[in-house]
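Listed below are the residues making up each chain.
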Amino acid sequence: MEPHEEKPIIYTMENKPIVTCAGDQNLFTSLYGSLTQQLPREPMEWRRSYGRAPKMIYLEANFVQFKEELLPKEGNKALLTFPFLHIYWTDCCDTEVYKASVKEDMQRWQAALRLHGSVDWLIAVVESDNKKKNKTNILPRTSIVDKIRNDFCNKQSDRCVSLCDPLKESSRSQESWSSFLTKLRTLLLMSFTRNLGRFEDDMRTLREKRTEPGWSFCDYFMVQEELAFVFEMLQQFEDALVQYDELDALFTQYVLNSGAGDGANWLGSFCAPVRSWNGLLLRRPIDMEKRDLIQRGEASLLDLRSYLFSRQCTLLIFLQRPWEVTARALELLHNCVQELRLLEVSVVSGALDCWVFLSCLEVLHRIEGCCDRSQLEANSSHTVGLWTYATEKLRSLGDLCGLVSENGPNSEDLNKTVDLLAGLGAERPETVNSPQSPYKKLKEALSSVEAFEKHYLELSHAAMEMYRAIGRLRSARLVGKSLAEFYMRKGDPQSAEDFLLDSLKSYVSESWSLPITHTRKQIAECQKQLQKMDEYLQTSALLASDTNLSDEERKHFCQEILTFASQTAEGKGQQKDACVALSMSSFTRLQELCFRPSSALVHVSAALLLELRLCSLMPVPVTLEHISASIHFTEEQPGSTAQKRAAQNPDSTVTFPTASPASASALELCEILENSPSDNALSSAGLACRNMHLLMRRNDSTSSLDTPNTALTALTLEDGAQMLRTSDVTLLPGNNSIVFTAPTQKPGVYTLRQLCATLGRVQFILPHLYPVVQYEVYSQEPQLSIQPLTEHLLAGLPQQVKFTILTGHYSVKKGDALQLSNTDSMPVLHSSTCSGRILSSSAELVSESALSIQSSEKVTSISLPVTPPYHTLEFLLDVLCHIPSCPARMESERLTNGQISHRTRSRTRFNSGMTVIDQKVSVDCPWSIYSTLVSLTFHVPFKVKHSLLSAGQRKFIQVCLQNVSDTNFRLTNQTLTENQHTPSLELLSLNTKSHSLVFRQQCVFSVWELRWSGVCPVSLHCEFSAAFAPADAPDAALKPYRYDFTLERVSTLLSVCADIRPAEGEQDCRTGALCRLEVCLTRLSEPSDSDEEYSDTDGLRTTRLLYEVIDNNSNWAVCGKSSGVVSMPVAAMATHKVHMEVMPLFAGHLPFPSIRVFKYLPHHSSPVIPPDTDSCVENDSLSLEEQAETASLRSRGSVQSLGSGESAQPRGPMPKRQAFGAGQVFNGTQGQQVLVLPAADHHLMEVNVT
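Worth saying up front: this structure is predicted, and the values here are computed from it rather than measured.

Conventions we followed
Residues numbered from 1 in each chain as written. Predicted model: local features only at pLDDT ≥ 70, side-chain atom pairs only at ≥ 80, totals over all residues. Heavy atoms only, no water. Helix = DSSP H or I, 4+ residues; strand = E, 2+ residues; numbered from the N terminus. Buried < 20%, exposed > 50% of the residue type's maximum accessible area, 1.4 Å probe, protein only. Contact = heavy atoms within 4.5 Å. Pairing = 2+ DSSP bridges. Axes fitted to C-alpha atoms, helices over the stretch in contact; angles between N-to-C directions. Parallel < 35°, antiparallel > 145°, perpendicular 65-115°, else oblique. Left-handed = near helix turned anticlockwise from the far one by under 90°. Nonpolar A, V, L, I, M, F, W, Y, C, P; charged D, E, K, R; others polar. Salt bridge = Lys/Arg side-chain N within 4 Å of Asp/Glu carboxyl O. pLDDT = per-residue confidence, 0-100.

Colleague: Lay out the overall build of the protein chain in plain terms, naming residues and giving numbers.
Modeller: Broken down by element type, the protein chain carries 23 helices and 54 strands. Within the span of the protein chain, comprising 1250 residues, buried residues form 45% of the whole. Taking the intrachain contacts of the protein chain between residues at least 6 apart in sequence as the baseline, contacts between residues at least 24 apart amount to 72%.

Here it is in structure tokens:
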């Protein structure tokens, strides 16, 4: 190719940006080869406006000789013919030559550029060493370059570039050449950016005028396509594709607006009738014929869409995205059909089918041309849609042209075929030599019935295989259903049935109601033609129960079954083994089954009825010969199965599900509406499936009784087999009720297995009943139970218990009696009105008779009335459980006087606080040689506590009686006695009332003062007694209650008193100020030898005491030592005083700190009571000098270590502390308070109120 030749513009990607070359053409010709090869070697970063991401592009150029005709004229916006850069070449080295000719030529060149507004130019000055050698009197090279820059590049000195002998391979030449190429790329890229930006602005302005009258989409199409051509020329295929996508979207929006009533005027040119339907043309980069039609405004809608898609297809293949072509093609074909309908374009019947068929095959052939076979097989999911669409359109053409009917096409069909082939026109040159071109396939398929069948089956099977390969079985079966319809019209029901059954399997599994009905009708037609009577009757039964059909159709299929059954019934000479078994699910729907009695649990030979409620699905009444159910008998442990079933369904009504548990879920559809964000108008509507994850599962291996190909065998019962049976039953359409009488001859479990309805030789069979239906027949042993009538049996009061005898298989005869063993703690009370009630197994009263009760010293005999088997005998008896004098208390309970309770034989129920007494009753029954041991639990209604109170040396005994039951009692005659009858001892009652009401969960307190003369006894054995009865009972119902207890260490040994005084000089105690606490310990009496440990020092008997001053309420701060050990003389009225300092923390009347006194036992002593953790002192080196005090002790009774801080060493026995008895220490500080005033400088006062 010569650089100076002018070539016509061809719209292909071989176009390159035009660069004109002026000046010395011979010089440029010598550099042309190197320039075109090295210019695109290095990429340049192209930064564009509007924030678009920069890209690296390789620049190429088409260098042509400069001519003024190439410069753009006014109004010419073509970019492909636009020269982006102008270069002037010269190798002039002589000043005279420059002035004589070169300068003048440059001036003319510059004038022409300025005239046409071209600002992108460059002057290249080439220096040659050969010319320097020939001319010795020339000026230096820089003088020529300087002159050119001064003459033409005053403000743009970089527009003049010098090249140093570029044809040589010297480093200087290569550096000069590389610099020139960089400058050339930069200027060329700057020209692109500027001119493309200007072009885009003009194009945007033109698009914004689209609402003005006279605006033409075709003109705008050519302008934006010009921009796409430029991007394609620069190999920016993604940007070029965006331009075509924008044109596609703009045109689509106008078509949609036109369908909504807002049409544009220019759309009228696309509404012309379609005259040609030769399909897409994708074998050319640019379809110039259709482009010319668009440019002239004569293109139809199919022409515009075809051309637009062909350009998109070309760019997508350049981008190596062939599979996107198939997706876009399928969308295009569907959209074109809809757009033609929206614009109401006149189209010959079948023309669109031809256009779609040819377009599908053209796209597939184009994809096959750019991909190998392995890629096509791996990506068949992208192409199978086009194969299916082509198959559908070919089938439509076959129906239109009469190629599917059994008789073949008639004359009218042939005329239609001729018209359709005429609209195809002549075959395109690109496919003339291709034997499998879409044109030839369509023409051959429409030529004869055999050729059509060959091509249609080939396409259908290809689509089905692709769907199966990618796992889309539903789509494959949909194509198969279309094939079945084809075979039916061709008179081949055998081939059609297989495809229809395959499709029905998908519809049933996914609960598509209407497709199921339609497919079953087709299957029934096939089976009838093939004389498959068993399958046909099953399908007829399903259709007769299908509510999607009309009543006439349902009655027709029902009559088919009745006719077959009646014909068979008349022919009695025929064999009985020719019965036809059908699924009962198509005949009737079970609702529920009820037992009478409802427990479904009866004894041997009892009456049991089963009521079966069902809904007949037939449209007419059907009279059945009989309905029977087979029963499976199991000898099982009586009661176990019935108890399980009763726990699952207490009313024993079995409800049958509407569908089998293996059936798939039905479709759950929801509506989806999308509104436009601008005006909130409805933009789209659709449906979405909520349970798609369940429906999309493959379940081809599952079987269902709803399918007509399910294998069922006629139900045969052995002679003598147990079964339910009822004859001559007429089932009306809708709900019906059938009653069966169940066999109950043997004990065991009876399970219903199968259900069969017989109509002549037709049997409707339900092979399995779900859920399981069972009833139980039992043979029961006699049972005796004794139960209280109330929640708790109360001890001490007469209580009624209920005796229940279940006779079972035993018959109570005259003279039979129950023998009850008597116990002293629970006698049986006689009653003259004791009677027994006899109940049937259904809990109905049969009779009532009086009972005879005879009692001896050891046995109570109760005569029983005559009672038949499987009946219940009930009667009531009164019993009385005596309350023991010492009821049990909780094991860890400490009495209010400090004594620890002792465990008794009775049990204590901790959750209710009531003491329980278990009584065992031995009963001898007439039906057994063994005695029956029955346990009754009684609850003691009271809980009693006692305490010893002190007031100096005066002693008081308090008894607290708590009603822990839910019954209100009346309490009288409360007395307290001393069991040893000590003459010097007196108990003086301080109680004012002799009668008291004790409500539930409440307490009654009684107090006696203990007086004595002489020496107080060491221990007292007392007994508290009272009479009680329910609050509303008469006096005759009063029962005694006794409570025994023992008091130890009654006398008072020590008295503790204290006094708190303010500091010296102060009249009142104030918060934050130290106060003096004086504790006075006084011995009131001498202890016994066993009470305390004492020692003799210089003839003086002393005992050691440990005192503690603590404040658990945080009202006081004990300063200094808060505890210590003192030695007290063992003499009456001996006194010891302890002084310490305390600080009040709050103002107000504050209670005194707690003062506690303990016995101090040295480590060498042997304590009588085992030590506990609270009595341990952790320092064995404690000083025992008289009145010595220890360091501070920790509060709450735990003593802090008093060591010197050294590491712990193994020690011997440690000192102990032991608490006094409850009445041995009288603390006079309890309840005593002292007034504390706030500090004088405090404005805010915090007062503690106790």
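The discussion continues.
Colleague: Explain the pairing of strand β30 (residues 872-880) to me, and be specific about the residues and the numbers.
Modeller: Here is the key point about a regular strand: its side chains alternate between the two faces of the sheet. Burial analysis of β30 places seven of its nine residues in the buried class, the great majority of the element. Inspection of the sheet shows strand β23 (residues 798-806) paired to β30 by nine bridges, in the antiparallel sense. Within the sheet, the bridge partner assigned to valine 801 lies in β30 and is leucine 877. Where strand β25 (residues 828-829) meets β30, two bridges bridge the pair, whose relative direction is antiparallel. Paired with leucine 829 across the strands is aspartate 878, a residue of β30. Sheet topology note: the strand β26 (residues 835-839)/β30 ladder contains four bridges and is antiparallel. Looking across to β30, one finds that arginine 837 is bridged to glutamate 874.

Colleague: Go over the sheet that holds strand β53 (residues 1225-1227) with me, naming the residues and quoting the values.
Modeller: Across the sheet, which stays open at both edges, the five strands sit in the order β47-β49-β44-β42-β53 with mixed pairing between neighbours. Across the chains shown, the open sheet's two edge strands, defined by having one partner strand only, are β47 (1116-1119) and β53. The mean inter-strand angle of the sheet, taken between neighbouring strand axes irrespective of direction, is 30°. Direction of pairing for β47 relative to strand β49 (residues 1135-1144): antiparallel, over a ladder of four bridges. Within β49, the residue paired with alanine 1117 across the bridge is methionine 1143.

Colleague: Would you mind going over the packing of helix α11 (residues 351-370) against helix α15 (residues 438-445) in detail, with residue names and values included?
Modeller: At a minimum axis distance of 9 Å, the contact between α11 and α15 shows a crossing angle of 140°. Considering the angle they form, α11 stands oblique to α15. The crossing of α11 and α15 is right-handed. Of the residues in α15, those touching α11 at Cys354, Phe357, Leu358, Leu361, Glu362 and His365 are Pro438, Tyr439, Lys441 and Leu442. Broken down by class, the residue content of the contact of α11 with α15 amounts to seven nonpolar, one polar and two charged.

Colleague: Break down the pattern of salt bridges for me, citing the residues and quoting the values.
Modeller: Close approach of charged atoms allows side chains with opposite charge to pair. Scanning the entire structure with this criterion turns up 44 salt bridges. Where arginine 373 meets glutamate 377, a salt bridge forms, and the shortest distance between an N and an O atom there is 3.4 Å. With a gap of four residues between them, arginine 373 and glutamate 377 both fall in helix α12 (residues 373-378), about one helical turn apart. Pair check on accessibility: arginine 373 and glutamate 377 agree, each one exposed. Put simply, Glu238, Asp245, Arg321, Glu324 and Arg328 are held in one network by salt bridges that share partners.

Colleague: Account for the confidence of the model for the protein chain, with residues named and values stated.
Modeller: Averaged over every residue, the pLDDT of the protein chain is 81; the share at 70 or more is 84%. Confidence drops under a pLDDT of 50 for residues 569-576, and excluding neighbours within four residues, the segment shows two contacts in the predicted structure. Counted against residues more than four places away or in other chains, residues 1165-1210, with its pLDDT under 50, gives 83 contacts.

Colleague: Describe the environment of alanine 629, with residues and values.
Modeller: Mapping alanine 629 onto the fold places it in strand β12 (residues 622-634). With a relative accessible area of 1%, alanine 629 lands in the buried category. In sequence terms alanine 629 and arginine 725 are 96 residues apart; their C-alpha atoms lie 6.5 Å from each other. Those residues in contact with alanine 629 that lie beyond four places of it in its chain are Met723, Leu724, Leu752, Gln754 and Leu755.

Colleague: For the environment of serine 630, give the residues involved together with the corresponding values.
Modeller: Of note, serine 630 is situated in strand β12. A relative accessible area of 11% means that serine 630 is categorised as buried. Sequence-wise, serine 630 and leucine 755 are 125 residues apart; in three dimensions their C-alpha atoms are separated by 6.7 Å.

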